[in-house]
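Each chain, written out:
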Amino acid sequence: MSPQQRPRGFATDAIHAGYEPNPLNGAVNVPIYASSTFAQDGVGGMRDGFEYARTGNPTRRVLEANIAAIEHGTHGRGFASGMAATDALLRACLRPGDHLVIPNDAYGGTFRLIDKVFTQWGITYSVAPVTDADALRAAITPQTKLVWVETPTNPLLNVGDIEQAAAIAHDAGAKLVVDNTFATPYLQQPLSLGADVVLHSTTKYLGGHSDVVGGALVTDDAELDDAIAFLQNGAGAVPGPFDAYLTMRGIKTLAVRMEKHCDNAEAVVEFLSNHDRIDRVLYPGLPTHPGNEVASKQMKRFGGMVSVLVAGGIEDAQKFCARTEVFTLAESLGGIESLIEHPGAMTHASTAGSLLEVPANLVRLSVGIEDVDDILADLEQALQ
């Protein structure tokens, strides 16, 4: 079998998919096309399909093709943020009177958008644990059009069975959305497991360097992609060419970064699991984690995110966050540097008083790729 016929590996696609060296000058990396408009060959005579940068940009087009390739999807669309991608997908799929199901520990921003904005337009929702197939079925109504799954979830790191969720959604005539931000396409590929569309905050692991904000949607459904593309252009929440370039630069090293993130996270889990200041470690790679069997089936490894319940309650949890030195106290995740946060007061504050409220003593760690001995020493001093 020739190299052209053999399926390429993930790291090869991450580096090469969507772009060939420029035939004019041999540029190995895609240029940053900093142009808001494009000359036309006569009225309506677009060159290579480009007319205006909101509608399409050559740098963004390469990013979209690249993300689609690494998710083993057909259609990719880039957005200015993960929440812009979320908003476009919800508007593409839902109409007044429709219903969706979301996880009972969904990302706070997703919950806020649905609960505070979409409900004003006649959209209703139910919550269900991603771990419970019976509860998921019970949450579906005749009006359900979307089943929204995060796996692992943010921030409790629960694991949903994607194949099972897809079957439940499709039996009800609904589409399954999988937010794959935590796992990344390197560790998990939801479309191959039956999902209809995959969402990413590319700000996180795909960009990987905490220097760019973006989002993406990938699907094999041409009709759904047309609806997404219409909103991408019509509403205009698109990434600029430099944002697209930075995201692609990050994707090129995703495979090697994720291996190091996973290595370091596993060491952190082992350390914290034996620490008397920690009540419980939440990590899908632990044999005692209730989602370990499913995660082992659908993930390559278990990721770089670790959550813990700190003994002593909210004050001790917040002191832990404030005392780290290698870990930076900050929102977001998935960068090369280690980050720590208190979800109840930060990323998930919007869930307070709701069915999605997170434990007050919960701390979320985004384990970076620093030297693992420095990471562990930092955690040890912060917990003293």
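On a predicted model such as this, the values are computed, not experimentally measured, just so you know.

A. Summary view of the UniProt feature "modified residue: N6-(pyridoxal phosphate)lysine" (unreviewed entry) in the chain. According to UniProt, the "modified residue: N6-(pyridoxal phosphate)lysine" (unreviewed entry) feature falls on Lys204. For Lys204, the location among the structural elements is in the loop between β6 (197-201) and β7 (215-219). For Lys204, a relative accessible area of 14% puts it in the buried group. Discounting residues that sit within four places of it in the chain, Lys204 has contacts with Thr181, Ser332, Leu333 and Gly334.

B. Region of the structure containing the packing of aromatic side chains. Tallied over the entire structure, the rule returns five aromatic pairs. For the pair Phe10 and Tyr186, a centre-to-centre distance of 5.2 Å together with 65° between the ring planes defines the contact as edge-to-face. In this pair, Phe10 is assigned in helix α1 (residues 10-16) and Tyr186 in helix α7 (residues 184-187), connecting sequence segments 176 residues apart. Residue Phe10 is classed as buried on the basis of its relative accessible area of 18%. Considering the side-chain rings of Phe38 and Phe50, the 5.5 Å spacing of their centres and the 35° angle between planes classify their relative orientation as tilted. Within this pair, whereas Phe38 is found in the loop between α1 and α2 (58-70), its partner Phe50 is found in the loop between α1 and α2, the two being separated by twelve residues in sequence. According to the relative accessible area criterion, Phe38 is buried, its value standing at 16%.

C. Fine view of the pattern of salt bridges. Enumeration over the complete set of coordinates arrives at 16 salt bridges. Asp161 is the partner of Lys297 in a salt bridge, and the nearest nitrogen-oxygen pair spans 2.8 Å. Taken together, the positions of Lys297 in helix α11 (residues 292-298) and Asp161 in the loop between β4 (144-150) and α6 (162-171) put the pair 136 residues apart, joining distant regions of the chain. For Asp161, a relative accessible area of 14% corresponds to the buried category. The partner of Arg364 in a salt bridge is Glu341, and the shortest N-O contact between them spans 3.2 Å.

D. Examining the domain arrangement of the chain more closely. When the domains of the chain are assigned, the result is domain 1 (10-249) and domain 2 (254-383). Taken over C-alpha atoms, the centre of domain 1 sits 25 Å from the centre of domain 2. Roughly 3300 Å² is buried in total at the junction of domain 1 and domain 2, and carbon and sulfur atoms are behind 66% of that figure. Looking only at domain 1, the three residues that lose the most surface to domain 2 are Tyr186, Leu187 and Tyr205, adding up to 24% of its buried area. Remark: the boundary between domain 1 and domain 2 carries one salt bridge. Where domain 1 meets domain 2, there are 16 residue pairs in polar contact (both at pLDDT 80 or more).

The rules behind these values
- Residues numbered from 1 in each chain as written.
- Predicted model: local features only at pLDDT ≥ 70, side-chain atom pairs only at ≥ 80, totals over all residues.
- Heavy atoms only, no water.
- UniProt positions renumbered as here; feature names shortened; annotations may be inferred.
- Helix = DSSP H or I, 4+ residues; strand = E, 2+ residues; numbered from the N terminus.
- Buried < 20%, exposed > 50% of the residue type's maximum accessible area, 1.4 Å probe, protein only.
- Contact = heavy atoms within 4.5 Å.
- Phe/Tyr/Trp six-rings, centres within 6.5 Å; stacked < 30°, edge-to-face > 60°.
- Salt bridge = Lys/Arg side-chain N within 4 Å of Asp/Glu carboxyl O.
- Domains from an automatic or database assignment.
- Buried area = accessible area lost by both parts, 1.4 Å probe.
- Polar contact = N/O pair within 3.5 Å; in protein donor to acceptor, adjacent residues only side chain to side chain.

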